[in-house]
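Reading the structure
Residues per chain are reported as follows:
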Amino acid sequence: MKYILEIAENKSDFAEEFFKTISFIKNVKAVPSNEITNPIILQNIEAYEKGKLKASPLCLADLKKMLND
């Protein structure tokens, strides 16, 4: 299971060290706000770049909804 937490920039180092001390937490990493983390979107980008998928028209509202999920 994954959780995304928004932590104040000045507390990020403390938060990372704190979560690393908890035994059941496997991995802690900072993810930039502009990084795409949705695996479905990443797979589609890769498929498009390899020519396996053709682009389809999409309205901006739908795109924003996909990126925020």
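Since the model is a prediction, treat every value here as computed from it, not as a measurement. (Residues numbered from 1 in each chain as written. Predicted model: local features only at pLDDT ≥ 70, side-chain atom pairs only at ≥ 80, totals over all residues. Heavy atoms only, no water.)

Attention now moves to the pattern of salt bridges. Evaluation of the coordinates by the stated rule reveals two salt bridges. The closest approach of N and O atoms between Glu46 and Lys50, which form a salt bridge, is 3.0 Å. (Salt bridge = Lys/Arg side-chain N within 4 Å of Asp/Glu carboxyl O.)

Taken together, the side chains of Ile36, Leu42, Ile45, Leu58, Leu60, Leu63, Met66 and Leu67 define a hydrophobic patch exposed on the protein surface, amounting to about 660 Å² of accessible area. Those elements giving two or more residues to the nonpolar patch turn out to be α2 (39-49) and α3 (60-68). Within the secondary structure, Leu67 sits in helix α3. (Patch = residues over 30% accessible without salt bridge, like charges linked within 9 Å, V, L, I, M, F, W, Y side chains within 5 Å. Areas by Shrake-Rupley, 256 points an atom, 1.4 Å probe, with all protein chains shown as cover. Helix = DSSP H or I, 4+ residues; strand = E, 2+ residues; numbered from the N terminus.)

Moving on: the environment of Ala30. Mapped onto the elements of the fold, Ala30 is located in the loop between α1 (12-20) and α2. When its relative accessible area of 57% is taken as the criterion, Ala30 is described as exposed. (Buried < 20%, exposed > 50% of the residue type's maximum accessible area, 1.4 Å probe, protein only.)

Another aspect to go through is the environment of Leu53. The topology assignment puts Leu53 in the loop between α2 and α3. With a relative accessible area of 36%, Leu53 lands in the partly exposed category. When sequence neighbours within four positions are dropped, the list of residues in contact with Leu53 reads Asn44, Ala47 and Tyr48. (Contact = heavy atoms within 4.5 Å.)

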